[in-house]
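Geometric and topological summary
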Amino acid sequence: MTAPVPIITIDGPSGSGKGTIADQLAQTLGWHLLDSGALYRLLALAAQQRGITEPEQHRAELAKLAVSLPIEFRPDSSGNSKAWLDGVDVSGAIRQPQISGLASRVAAIPEVRTGLLQRQRGFLRLPGLVADGRDMGTVVFTEAPLKIFLTASAEERAKRRYKQLKAKGESVNIARLYREIEERDRRDRNRKVAPLRPAANAIVIDSTEMSIQKVLDEILSLHYKLDLSL
Ligand code: C5P
């Protein structure tokens with residue numbers, strides 16, 4: 001029998017800091033990283049490129065694409081992970097607000113989620129995996145010994161996204177961003193398959209008043225405590 005690959009799952013709503021925390025955690029531990037949201041975003045971009053604006057009416061086509069889409073994650077010269085679709089670096093394109101909205105509609109289609117399941121599990125490799133998303137602890141990696149549900153107030157999450165987009169030189173309206181985040185979260189929480197919610201054995205961390213370093217330290221200390229007890 002081979003030893004199981006260690007996994008830490010980090011789920012939570014958009015803007016909770018999951019992406020940054022998962023990335024830094026993976027770097028600190030020297031583990032692999034699965035940004036599962038990027039998979040839904042890549043699929044949304046592929047749908048948009050095919051002229052699909054109403055994903056609900058293209059379920060079978062999208063389910064097929066979920067399995068066959070030529071996706072790659074490659075580090076750039078500074079070591080930052082970049083998302084490639086069909087041989088093109090689309091890291092910037094998949095972060096556009098329009099794609100965020102389309103991704104959450106694509107993600108509500110059960111056949112799409114089934115299509116992406118094996119792809120996501122394929123990221124599980126030694127020495128370990130940090131998996132970031134909405135259903136990492138509840139559906140994709142139910143066996144994970146450490147499951148984190150990261151949250152923050154809606155106002156704080158909108159503020160963080162605003163700063164992120166501003167730093168990239170994009171013109172953004174904070175009130176609109178807040179509405180978009182709320183709408184996306186409502187859809188993610190209320191969908192029938194894999195709704196956003198903490199796993200029964202998840203540890204909930206509210207990061208509203210916490211720095212990135214503080215959240216990271218807390219997760220690392222939970223990880224080391226658990227590691228010692230195994
Ligand atoms: O995490 P990110 O904001 O990049 O995810 C984009 C969208 O993809 C989310 O709003 C959600 O609808 C969907 N998603 C999901 N399950 C995941 C990760 C993301 O449904 N595990």
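Preceding this section is the structure that the text describes.
Before going into details, it helps to say that this report is about the structure given with it. Everything quoted here is computed from the prediction, not taken from an experiment. (Residues numbered from 1 in each chain as written. Predicted model: local features only at pLDDT ≥ 70, side-chain atom pairs only at ≥ 80, totals over all residues. Heavy atoms only, no water.)

As a further point, take the side chain of Arg41. Mapped onto the secondary structure, Arg41 falls in helix α2 (residues 36–49). Among buried Asp, Glu, Lys and Arg side chains, Arg41 stands out as unpaired, with Asp35 the closest opposite charge at 6.4 Å. Residues in contact with Arg41, not counting those within four places in the same chain, are Ile94, Arg95, Gln96, Ile99, Ser100, Ala103, Arg161 and Arg184. (Helix = DSSP H or I, 4+ residues; strand = E, 2+ residues; numbered from the N terminus. Buried < 20%, exposed > 50% of the residue type's maximum accessible area, 1.4 Å probe, protein only. Lys, Arg positive; Asp, Glu negative; His and termini not counted. Salt bridge = Lys/Arg side-chain N within 4 Å of Asp/Glu carboxyl O. Contact = heavy atoms within 4.5 Å.)

Strands sit in the order β3-β4-β5 across an open sheet of three strands; the sheet is antiparallel. The open sheet terminates on both sides in strands that have one partner only, identified here as β3 (71–75) and β5 (88–89). Where strand β4 (residues 81–85) lies against β5, two bridges are found, and the strand directions are antiparallel. Pairing of Trp84 across the sheet is with Asp89, part of β5. (Pairing = 2+ DSSP bridges.)

If you trace the five strands from one edge of the open sheet to the other, you get β2-β6-β1-β7-β8, paired in parallel fashion. With partners counted over all chains shown, the strands left at the sheet margins are β2 (32–35) and β8 (203–206), one partner each. Along the sheet, successive strands turn relative to each other by an average axial angle of 20°, direction set aside. Helix-sheet contacts for α2 involve β2 and β6 (129–133), and the interaxial angle to β2 is about 45°. (Axes fitted to C-alpha atoms, helices over the stretch in contact; angles between N-to-C directions.)

Where burial is concerned, most of β6 is hidden: five out of the five residues are buried. Along β6, one buried face is formed by Leu129, Ala131 and Gly133 and the opposite face, lined by Val130 and Asp132, is buried too. Two strands pair when backbone bridges link them, and strand β1 (residues 7–11) and β6 are joined in this way by five bridges, in the parallel orientation. Bridging from a neighbouring strand, Asp11 pairs with Gly133 of β6. Here four bridges tie β2 to β6, and the two strands are oriented parallel to one another. What sits directly across from Leu33, in β6, is Val130.

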